[in-house]
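Observations on the three-dimensional arrangement
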Amino acid sequence: MTAQMRTGPAARDPEFRGIDPPALNQVIKQLQDAQNAIRGWLNAHRPPPGVSTAGYRQADQVAQWAADQLGMLSRRYNYAITHPSPGGGVGAPPPPAPAPAPGTPRRDPVGTPQPVKPPPRKATPKPTPSGAGDIGNFPTRQAAGKAAKTDALAVVAAVQDGRPVPDSVWKHLKANADDPDYTEKLYERLGPAATADLLKAADGDKAKLKAVQESLGIASHHLTMDVKWLRACLAEADRAGVRPVAVQVLLGADMSERTRTAVGKLDLHEVTNVA
């Protein structure tokens, strides 16, 4: 069974150590199917009056165990595909794991504006140690999403009230800029307009802009940042007077392949003197 599920590097390399994303994705799908099957059966076969519910409770515990495992495994999978090993490899990552049931490098700009094509994305290696051990500051996707929602609401409230974005939000963003679940939910909540507001709130601070740039790149692997999203973000950044900053951040972020393609369609230009 284990050997049959190995479809990536583990199928070819007996010394493989780390996460094989395609195999883990298959495990997650199978566990999701099993949990759905157990829940479906339990919902359709309630124990009749007078009959022991011991077996029913045991099956319910198994279903709950599966749900708990899905949260953890999905988080490991997301870390694996957004933090590929630098050792090289072939192929693109498989699609995002199912949810549990109930650029060019940034640099100091010089010279005149030049058309910039998004650099080709490096081939994503399949073997990666990411997700096999440390999975960031949150134990599950749900915990990361809850923290991201809180921070997004704080950003929106601060912008609406004309206040600086709280230092705690910047601290969280810097600490979790490489977290695929936190960043996905943060920018999903913010949307393109509030993302532009966040860039304005950075007020030219290089460390803050770096955190936004890195986190946007990670978020792009799961959140749809298509041409429409990017244009909306740039339009709001233009109104806020920070379009050059937005362009530099978008061009410097290590975006997913699909987002790089979308950025390429905008015919953006490298910007000078944004600080």
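Residues numbered from 1 in each chain as written. Predicted model: local features only at pLDDT ≥ 70, side-chain atom pairs only at ≥ 80, totals over all residues. Heavy atoms only, no water.

1. What about the overall build of the protein chain?
Counting its regular elements, the protein chain contains 10 helices and 0 strands. Counting every atom, the protein chain has about 14,500 Å² of accessible surface; 55% of that belongs to carbon and sulfur. (Helix = DSSP H or I, 4+ residues; strand = E, 2+ residues; numbered from the N terminus. Areas by Shrake-Rupley, 256 points an atom, 1.4 Å probe, with all protein chains shown as cover.)

2. What to know about the confidence of the model for the protein chain
Residues at a pLDDT of 70 or more form 73% of the protein chain, whose mean pLDDT is 80. Across residues 1-5, where pLDDT falls below 50, the model places 5 contacts with residues more than four positions away in sequence or in other chains. Throughout residues 122-127 the model reports pLDDT below 50, and contacts reaching past four residues in sequence, or to other chains, amount to 21 contacts. (pLDDT = per-residue confidence, 0-100. Contact = heavy atoms within 4.5 Å.)

3. Quick word on the pattern of salt bridges
Using the criterion set out here, one finds 6 salt bridges in the structure. A salt bridge links Arg239 to Glu236, with the nearest nitrogen and oxygen atoms 2.8 Å apart. Separated by 3 residues within a single helix, Arg239 and Glu236 lie in helix H8 (residues 227-240), roughly one turn from each other. You can call Arg239 exposed: its relative accessible area is 63%. Classification of Glu236 by relative accessible area gives buried; the value is 17%. Salt-bridge contacts for Arg260 lead to Asp254; the nearest nitrogen and oxygen are separated by 3.0 Å. (Salt bridge = Lys/Arg side-chain N within 4 Å of Asp/Glu carboxyl O. Buried < 20%, exposed > 50% of the residue type's maximum accessible area, 1.4 Å probe, protein only.)

4. Some thoughts on the environment of Ala232
Position of Ala232 relative to the elements: it lies in helix H8. Through-space distance from the C-alpha of Ala232 to that of Thr195 is 9.9 Å; in sequence the pair is 37 residues apart.

5. Overview of the nonpolar core
Nonpolar side chains in soluble globular proteins generally cluster together in the buried interior. Counting 46 residues, the largest nonpolar core has Leu173, Leu186, Tyr187, Leu190, Leu198, Val212 and Leu216 as its most contacted members. If you tally residues by element for this core, the top one is helix H6 (residues 180-201), at 8 residues. The residues contacting Val212, other than those within four sequence positions of it, are Trp170, Leu173, Tyr187, Leu198, Leu199 and Val249. Grouped together as the second largest cluster of nonpolar side chains are 10 residues, Ile19, Tyr77, Ala80 and Ile81 included. (Core = buried A, V, L, I, M, F, W, Y, C linked by side-chain atoms within 4.5 Å.)

6. Brief notes about the packing of aromatic side chains
If you walk through the whole model with that rule in mind, you get 1 aromatic pair. Between Phe138 and Tyr182, the aromatic rings sit 6.1 Å apart at their centres with planes inclined by 5°, giving stacked as the arrangement. Remark: Tyr182 occurs in helix H6 and Phe138 occurs in the loop between helix H3 (54-82) and helix H4 (141-161); sequence separation between them is 44 residues. (Phe/Tyr/Trp six-rings, centres within 6.5 Å; stacked < 30°, edge-to-face > 60°.)

7. Comments concerning the packing of helix H2 (residues 21-44) against H3
Packing of H2 against H3 brings their axes to within 9 Å, and their N-to-C directions diverge by 155°. The orientation of H2 with respect to H3, classified from their angle, is roughly antiparallel. Considering only the axes of H2 and H3, their crossing is left-handed. A class-by-class count of the residues in the contact of H2 with H3 yields 19 nonpolar, 6 polar and 3 charged. (Axes fitted to C-alpha atoms, helices over the stretch in contact; angles between N-to-C directions. Parallel < 35°, antiparallel > 145°, perpendicular 65-115°, else oblique. Left-handed = near helix turned anticlockwise from the far one by under 90°. Nonpolar A, V, L, I, M, F, W, Y, C, P; charged D, E, K, R; others polar.)

8. Quick notes on helix H7 (residues 206-219)
Its 14 residues place the ends of H7 20 Å apart at the C-alpha level, agreeing with the 20 Å of an ideal helix rising 1.5 Å per residue. The element H7 is largely enclosed, with a buried count of 10 among its 14 residues. Within the sequence span of H7, burial applies to Lys208, Leu209, Ala211, Val212, Gln213, Ser215, Leu216, Gly217, Ile218 and Ala219. In this structure, the buried side of H7 is in contact with H3, helix H5 (167-175), H6, H8 and helix H9 (243-252). The N-terminus of H7 is capped by Asp205, whose side-chain oxygen sits 3.0 Å from the backbone nitrogen of Ala207. (Expected span 1.5 Å × (residues − 1). Polar contact = N/O pair within 3.5 Å; in protein donor to acceptor, adjacent residues only side chain to side chain.)

9. Here we look at the environment of Asp181
When you line up the elements, Asp181 lands in helix H6. Distance in space between the C-alpha atoms of Asp181 and Ala144 is 5.9 Å, their sequence separation being 37 residues. Here Arg141 takes part through its side chain, which lies 3.0 Å from a polar atom of the side chain of Asp181.

10. Re unusual backbone geometry
A negative phi angle characterises most non-glycine residues, just as the trans form characterises most peptide bonds. One non-glycine residue, Asp203, adopts positive backbone phi at about 55°. Here Asp203 shows up in the loop between H6 and H7. Given a relative accessible area of 70%, Asp203 falls into the exposed group. Positive phi is not limited to glycine here, since Asp267 has a value of about 55°.

11. Here we look at the packing of H4 against H6
Contact geometry for H4 and H6: axes closest at 6 Å, N-to-C directions at 15°. Viewed along their axes, H4 and H6 adopt a mutual orientation that is roughly parallel. Crossing geometry of H4 relative to H6 is assigned as right-handed. Across the interface between the two elements, Arg141, Ala144, Gly145, Ala147, Ala148, Lys149, Asp151, Ala152, Val155, Val156 and Val159 from H4 touch Asp181, Tyr182, Glu184, Lys185, Leu186, Arg189, Leu190, Ala194, Asp197 and Leu198 from H6. The class makeup of the residues in the contact of H4 with H6 is 12 nonpolar, 1 polar and 8 charged.

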